[in-house]
Amino acid sequence: MSTTDVAMHMSDGIVNAPTSLIFGVISILFVGLAAVRARADLDDRTAPMAGLVTAFVFAVQMINFPILPGASGHLLGGALVAILVGPWVGTLCITIVLVVQSLLFADGGLTALGTNVFNMAIIGVFVGWAVARAMRGLARRSRRGLIVTAFVAAFVNTVVASLGFVLEYAIGGAAGATTGTVLTLMVGFHALIGIGEGIITAATVGAVAAVRPDLVHLLRTAPRVAQPAGRGPARGEGSTA
Amino acid sequence: MTAPDTRRRSRFLIGFLLAALVIAGGVSYLASSSPDGLDSVTLHGCQVTETATGEQLDGACIAQNATEHPAATGPLADYSIGGAEHSVGLAGIIGVIVTVLAAGGLFWLLRGRRGPAAGDGPGDDGAHDHG
């Protein structure tokens, strides 16, 4: 018997110390790499945007939505940040959110920070980015294409990020359930959460693209001339031209 | 960069910040208090009873192994102000402000020394993506 508070992310003690250490080291190295690579994507225009995207993810992660009777889900945000600010900056965004949540709000353990960063800030962001990248042709074609891309990328990032926990549990999980049970339940719950994640991501990316398509990293990283054909370039040209 | 452009940009950024503040400060009251996906998995097999000190777990489940967070008694623990009821909104607003300052500050320091991006700088595509 024990008492615990329900929080949003992995608590301390769920996986053993060596496993926490391994994923902690991997996460520190990867976040360091991200800090180096992010410099190329940050300038006077994108840096404030990235700061606000981070705060936005913090805010939306507070909103647990029901998925089943007695179970809820919340945004992870991997595809959202990858599409808006790119994967390297995006990894830093989610890492900052997780650090603030753990240190200030006691949400997500301290030794579990490495595993939480690995699952959400690394797997979630880069899987979301890989899917969005693969669908970039569609995303560029129209606003609707971008919204579909955001939904799919977010759904996949949620499910694959949940596999990160299964991996960590398989390596060094505490007792309480078999790995098979954990796998089935994690994927099942996160397939449902992924739908919510997809809706939130699609709505947010769609809203940003409607007013400031130039701030959507996914639309920007190729030759700039290649603005979405068709209905794209009409917005706001009057004031700048 | 023209003046209307700057104004349009800051209007967008302020709107984005306001959205985050409204979500954390207001919409957070509507959030479901059921365990999320991960917690549902770690609580699988246990009976959860609410007690004055938290949730009491009976049975065999992963969450039995969870240890108390070192900051569990901190002033903002569990998205409340000192544990006060109905303070999630204010805690959320503090969180948004702390996050935007921490992240904005870090990203501002990290930004490439390219000078003010003219909005269409050719430097934008020099990164890791060559398509």
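Residues numbered from 1 in each chain as written. Chains lettered and ligands numbered in written order. Predicted model: local features only at pLDDT ≥ 70, side-chain atom pairs only at ≥ 80, totals over all residues. Heavy atoms only, no water.

A word on the interface of chain B and chain A
Each partner contributes to the interface: chain B provides 77 residues, whereas chain A provides 88 residues. Summed over both sides, the interface of chain B with chain A buries roughly 7300 Å², with 65% coming from carbon and sulfur. A per-residue breakdown of the area chain B buries against chain A is headed by Phe16(B), Tyr79(B) and Phe107(B), which together make up 10% of the total. Linking chain B to chain A there are 1 salt bridge. Between Asp44(A) and Arg111(B) there is a salt bridge, and its shortest N-O distance comes to 2.5 Å. (Contact = heavy atoms within 4.5 Å. Buried area = accessible area lost by both parts, 1.4 Å probe. Salt bridge = Lys/Arg side-chain N within 4 Å of Asp/Glu carboxyl O.)

As for the state of the cysteines
Residue and element names in this part refer to chain B. Inspection of the entire model under this criterion finds 1 disulfide over all chains. Put simply, Cys46 and Cys61 are joined by a disulfide, and their sulfur atoms are 2.1 Å apart. Residues Cys46 and Cys61 are joined by a disulfide whose S-S torsion is about -90°; by sign, that bridge is left-handed. Of this pair, Cys46 sits in strand 1 (residues 46-51) while Cys61 sits in the loop between strand 2 (54-59) and helix 3 (88-110), and the two are 15 residues apart along the sequence. The same class applies to Cys46 as to Cys61, namely buried. (Disulfide = S-S within 2.5 Å. Helix = DSSP H or I, 4+ residues; strand = E, 2+ residues; numbered from the N terminus. Buried < 20%, exposed > 50% of the residue type's maximum accessible area, 1.4 Å probe, protein only.)

Here's the deal with helix 3 (residues 78-85) of chain A
All names here are of chain A. Within helix 3, 8 of the 8 residues are buried, leaving the element largely enclosed by the surrounding structure. Within helix 3, burial applies to Gly78, Ala79, Leu80, Val81, Ala82, Ile83, Leu84 and Val85. On its buried side, helix 3 packs onto helix 2 (46-61), helix 4 (87-105), helix 5 (113-134), helix 7 (143-172), helix 8 (179-211) and helix 9 (217-220).

A word on a nonpolar patch on the surface
Residue and element names in this part refer to chain A. On the surface, a cluster of nonpolar side chains totalling about 320 Å² of accessible area is made up of Leu68, Leu192, Ile195 and Ile199. Among the elements that take part in the nonpolar patch, helix 8 stands out by supplying 3 residues, more than any other. With respect to the element layout, Ile195 can be found in helix 8. Residue classification places Ile195 among the partly exposed residues on the basis of a relative accessible area of 39%. (Patch = residues over 30% accessible without salt bridge, like charges linked within 9 Å, V, L, I, M, F, W, Y side chains within 5 Å. Areas by Shrake-Rupley, 256 points an atom, 1.4 Å probe, with all protein chains shown as cover.)

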